[in-house]
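# A structural walkthrough
Residues per chain are reported as follows:
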Amino acid sequence: MTTQDLTNTTPPVRKRLFGKAGERTRLGGALTTGAGVVRAWPWWFKVLLAGLIVLVAWETWAAPPWKLGGPPPSQGIDFLGADGSLIAHRGPKTATPVDAEQLPDHVRQAFLAIEDRRFYEHGGVDFRGLARATVANFQAGGVVEGGSTITQQYVKNAFLTQDRTFVRKGKELLLADWAELWMSKNEILSRYLELCYFGEGQYGLTAAAHYYFDRTPAELTLGQAAMLAGMVKAPSNLSPTVDYEASTERMRVVLGAMTYAGFITDEEAKDVDDPKVTLGAEEEEGPTGSWFVDWLMQDMDDDFTGTVQTTLEPDAQARAERVVRNARLGGAEVALIALRPDGAIAAMVGGREWTPKAFNRAMTAKRQPGSTFKLFDYFAAIRSGMTPTTMVGDSPIEIGEWKPTNAYKGFYGPMPLSRAFAISSNTVAIRLAQMVGPDEVIDAARDLGVASEIPETPSMALGTANLTLQELAGAYAAFASGKYPVKPYGIADAGEAPWRSLDARREWAPMLQLLFAAANNGTGRAAVIDGQPTFGKTGTSQEGRDGLFVGFAGNMVTAVWVGRDDNGPIPGNHGGGNPAQIWRQFMSGVKLEPLTLPINAKTVKRPTVRRTAAPGEADMTTIEIGNIPFDEMLIDLPEGIPQLPLDEQTGEAVNAPTAPPGAAGAGTMPAIDVPPVPVPGAPDNRGQANPQPAANAQ
């Protein structure tokens with residue numbers, strides 16, 4: 001068909017051939033016409049329309065219509081325990097709903113008279129009242145009268161900040177009319193009464209009526225209602241529990257306003273007696289955990305509200321507080337922190353008594369750890385190639401003018417590391433630190449998560465550096481799981497997983513043997529619990545200023561400290577006493593899963609011991625530390641602990657489970673009985689603890 005043929009076709013044919021294009025042409029024409037109309041609008045009208053669109057969009061974002069008139073917004077923070085139960089609430093409590101229509105007339109009218117007498121007559125903004133307040137303030141040279149309506153106060157409390165700025169005031173004016181568009185007057189008054197602050201931490205009319213008069217809003221008398229309405233202006237200063245006289249004077253002002261508005265007569269106002277304040281019983285916050293929650297609050301944003309899922313275990317926390325409460329401590333203080341091997345805090349007690357401004361000794365206090373620090377001395381020695389059977393001399397040692405002694409009388413001569421650790425030999429710990437090097441001891445502590453400063457001094461090996469209890473708990477936790485560093489954390493799913501693994505043969509197993517010996521055959525025997533093998537170490541600083549026990553059983557790691565805040569001496573205070581007993585009482589009542597260790601049961605060979613001292617002279621035993629064959633670095637552990645096969649090449653556990661398996665019985669580790677080697681001129685009995693120049697006892 002040629003072009004001419006197309007031109008001569010009949011209309012139906014042309015419509016069929018060009019119909020869609022024709023429709024597009026007509027549509028385009030309509031759009032062109034519409035665009036032309038918009039272009040024809042005056043510029044001021046376009047600006048006004050754009051501003052209106054922006055305003056509506058902002059109002060929808062700032063105060064969504066679906067939230068206007070809804071229930072009171074949640075306030076403050078709810079902290080949930082590991083089981084999902086409420087452990088504490090911080091900040092304002094969520095208000096109880098109020099229905100203004102169901103309130104007695106005198107209750108509703110008290111607030112209307114003093115806050116917004118023309119509430120039912122104007123819209124969101126009372127321009128007459130605003131003008132009157134402006135003139136009054138101008139004449140007075142300051143703010144003496146407010147012009148905010150109840151609607152403005154509602155949107156301020158519900159959707160804006162309390163800042164006294166022109167910007168906030170402008171937003172308040174805009175949102176007030178927006179709220180009136182979507183809400184009834186009764187809804188606005190109800191929400192206003194739910195959000196008002198009445199001092200003493202009481203938000204909402206229901207909470208205030210209960211707190212000050214131990215009754216519901218519907219039961220308030222005229223005088224009580226007038227007193228509460230008067231408090232809204234300055235709740236912190238007009239609270240009857242703060243200044244009763246000012247509160248009653250303000251109540252009389254409210255009664256006068258009610259008379260002026262025609263709500264009551266002069267006689268009714270004069271007949272009102274000053275209300276008697278009858279405080280209602282405080283509602284319980286829920287289970288315990290104040291020390292723990294206060295610690296978490298330090299890192300919370302000021303404007304955060306909502307729910308926080310924590311790691312705290314309510315049963316363990318209640319047990320910890322009960323044990324501390326029942327401990328006989330005299331004038332001493334106490335701290336306890338318990339965590340799972342991955343660092344999840346299960347319980348925390350920062351002192352004998354909690355107050356809102358109490359000092360948390362479990363997380364913040366830096367004290368001398370005493371012999372619990374020896375964990376790092378021995379870990380450094382184990383990493384250097386020593387084993388629990390490596391012989392080291394317990395004999396006099398001199399470093400410059402410093403002549404450290406032991407907590408027990410005398411010296412025992414050569415002994416294996418396991419026994420030296422168990423009886424907490426000071427001279428052996430110092431020798432180990434000197435042999436491996438102080439920097440290696442510090443590195444061991446750093447690797448296990450200690451961040452506090454550790455001065456590189458000879459006495460460092462005895463625990464003279466100041467550490468926090470949480471640092472010690474995290475360090476010991478590494479040997480409950482075989483991974484490090486362990487950082488204690490309190491918010492679920494917010495912990496940092498330990499990223500390094502202990503060598504199961506060369507590091508983990510030897511350290512477990514040392515910790516078991518110290519708890520079961522050494523200074524920590526008072527901490528041993530039934531049903532689970534116990535691992536741990538005591539610590540005592542000079543003159544009993546600090547007593548500690550840190551250790552683990554099953555899948556719980558716990559650290560306990562006893563001392564004085566003024567760092568004064570406590571005669572008789574030592575790690576194997578109150579701290580070990582508190583530790584045992586706590587651990588005996590918490591849920592424990594069996595400890596699973598990837599270790600086979602064999603025995604290590606002893607390294608060569610060569611004596612260099614002549615008979616009759618002081619024992620200066622020299623230890624030759626050699627590399628013991630890999631397949632001989634396996635040690636005995638308590639019976640009943642599940643054993644896992646090891647990879648012969650890497651020493652790692654094969655198919656190690658991520659969680660402890662089912663129950664398994666506890667066993668006992670054979671006592672290591674090495675006869676003491678007497679040192680000429682020195683007694684060979686252990687005796688009682690003596691004060692030491694170094695801050696360490698046992």
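The rules we used
Residues numbered from 1 in each chain as written. Predicted model: local features only at pLDDT ≥ 70, side-chain atom pairs only at ≥ 80, totals over all residues. Heavy atoms only, no water. Helix = DSSP H or I, 4+ residues; strand = E, 2+ residues; numbered from the N terminus. Buried < 20%, exposed > 50% of the residue type's maximum accessible area, 1.4 Å probe, protein only. Contact = heavy atoms within 4.5 Å. Areas by Shrake-Rupley, 256 points an atom, 1.4 Å probe, with all protein chains shown as cover. Pairing = 2+ DSSP bridges. Axes fitted to C-alpha atoms, helices over the stretch in contact; angles between N-to-C directions. Left-handed = near helix turned anticlockwise from the far one by under 90°. Nonpolar A, V, L, I, M, F, W, Y, C, P; charged D, E, K, R; others polar. 1 Å grid on protein atoms, 1.4 Å probe; cavity = no way out; pocket = protein on both sides within 12 Å on 5 of 7 lines; lining within 4 Å. Points joined across faces, edges and corners; volume = space filled by probe spheres on them. Patch = residues over 30% accessible without salt bridge, like charges linked within 9 Å, V, L, I, M, F, W, Y side chains within 5 Å. Salt bridge = Lys/Arg side-chain N within 4 Å of Asp/Glu carboxyl O. Lys, Arg positive; Asp, Glu negative; His and termini not counted. Charge placed at Lys NZ, Arg CZ, Asp CG, Glu CD. Polar contact = N/O pair within 3.5 Å; in protein donor to acceptor, adjacent residues only side chain to side chain.

Right, let's talk about the overall build of the protein for a bit. Of regular secondary structure, the protein possesses 22 helices and 16 strands. Within the protein, the proportion of its 698 residues that are buried is 50%. Expressed as a percentage of contacts within the protein between residues at least 6 apart in sequence, the contacts between residues at least 24 apart total 71%. Just so you have it, the protein exposes about 33000 Å², and 53% of that area is on carbon and sulfur atoms.

Right, let's get into the sheet that holds strand E3 (residues 306-309). Taken together, the three strands give an open sheet; going across it, the order is E2-E1-E3, and neighbouring strands pair in mixed fashion. A strand with exactly one partner marks an edge of an open sheet, and here the two such strands are strand E2 (86-90) and E3. When strand polarity is set aside, the average angle formed by the axes of neighbouring strands in this sheet is 20°. As paired strands, strand E1 (residues 77-80) and E3 are joined by four bridges and run parallel to one another. What sits directly across from Asp78, in E3, is Thr307. Against the sheet, helix H14 (residues 290-297) makes contact with E1 and E2, and its axis sits at roughly 50° relative to E2, the strand it touches most.

Further remarks concern the packing of helix H15 (residues 314-326) against helix H22 (residues 578-587). Two elements in contact, H15 and H22, have axes separated by 9 Å at closest approach and are oriented at 145°. Our pair here, H15 against H22, has a crossing hand that is right-handed. Across the interface between the two elements, Ala316, Arg319, Ala320 and Val323 of H15 pack against Ile582, Gln585 and Phe586 of H22. For the contact of H15 with H22, the class distribution of residues is five nonpolar, one polar and one charged.

When you tally the buried positions in helix H8 (residues 185-195), you get 10 out of 11 residues, the bulk of the element. Along H8, the residues classified as buried are Lys185, Asn186, Ile188, Leu189, Ser190, Arg191, Tyr192, Leu193, Glu194 and Leu195.

Taken as a whole, this structure holds two cavities of 30 Å³ or more when the rule is applied. Volume-wise, the largest cavity comes out at about 80 Å³. Lining the largest cavity, in full, are Arg361, Ala365, Arg367, Gln368, Pro369, Leu467, Thr468, Leu469, Leu472, Leu548 and Trp561. Every element with two or more residues in the lining of the largest cavity is listed here: strand E9 (467-468) and helix H20 (469-481). Residues belonging to the lining of the largest cavity are distributed by class as follows: seven nonpolar, two polar and two charged.

By the criterion of burial, helix H4 (residues 105-115) is predominantly enclosed, with eight of the 11 residues buried. Listed in full, the buried residues belonging to H4 are Val107, Arg108, Gln109, Ala110, Phe111, Leu112, Ala113 and Glu115.

Okay, the sheet that holds strand E4 (residues 333-339) next. Pairing is antiparallel across the open sheet formed by five strands, whose spatial order is E5-E4-E14-E13-E12. Each end of this open sheet is capped by a strand with a single partner; those strands are strand E5 (345-349) and strand E12 (534-540). Averaged over all pairs of adjacent strands, the angle between strand axes in this sheet comes to 10°, irrespective of strand direction. In terms of strand pairing, E12 meets strand E13 (residues 546-553) through seven bridges, oriented antiparallel. The partner of Phe535 across the bridge, within E13, is Phe552. On top of the sheet, helix H21 (residues 504-520) reaches E12 and E13; it is set at about 70° to E12, its chief contact.

Take a negative patch on the surface next. A grouping of Asp266, Glu267, Glu268, Asp271 and Asp273 is seen on the molecular surface, where their side chains present a negatively charged patch. Looking at where Asp266 falls in the secondary structure, it is placed in helix H13 (residues 266-270).

For the rest of this paragraph, the subject is the pattern of salt bridges. A complete count under the given rule lists 15 salt bridges for this structure. Between Lys487 and Glu496 there is a salt bridge whose closest N-O contact spans 3.7 Å. Since its relative accessible area comes to 48%, Lys487 is described here as partly exposed. Its salt-bridge partner being Asp566, residue Arg564 comes within 3.0 Å of it at the nearest N-O pair. Where salt bridges share partners, they join Glu333, Arg361 and Asp565 into one cluster.

Let us look at unusual backbone geometry. Look at the link from Tyr484 to Pro485: it is a cis peptide, with omega at -5°. Considering the arrangement of structural elements, one finds Pro485 in the loop between strand E10 (483-484) and strand E11 (500-501). Non-glycine residue Ser424 carries a positive phi angle of around 60°. Take Ser424: it is sitting in the loop between helix H17 (417-423) and helix H18 (426-436).

On the surface, Val37, Trp41, Trp43, Trp44, Phe45, Val47, Leu48, Leu49, Leu52 and Ile53 cluster together to form a nonpolar patch covering roughly 1000 Å² of accessible area. Examining the composition of the nonpolar patch, we find that eight residues originate from one element, helix H3 (residues 43-62), more than from any other.

Before going further, it helps to examine the environment of Gln153. On the secondary structure map, Gln153 appears in helix H6 (residues 150-159). Residue Gln153 is classed as buried on the basis of its relative accessible area of 11%. When the C-alpha positions of Gln153 and Leu195 are compared, they lie 9.3 Å apart, and in sequence the two are 42 residues distant. At 3.0 Å, the side chain of Gln153 forms a polar contact with the side chain of Glu115.

Another point: the pairing of strand E14 (residues 556-563). Burial analysis of E14 places eight of its eight residues in the buried class, the great majority of the element. Residues Met556, Thr558, Val560 and Val562 point to one face of E14 and Val557, Ala559, Trp561 and Gly563 to the other, with burial holding for every one of them. One ladder, built from seven bridges, connects E4 with E14; its direction is antiparallel. Its bridge partner being in E14, Ala335 is matched across the sheet by Trp561. Turn length for the E13-E14 hairpin, with the two strands adjacent in sequence and antiparallel, is two residues, and the turn residue Gly554 shows positive phi of about 60°.

These values are about where atoms sit, not about what they do.
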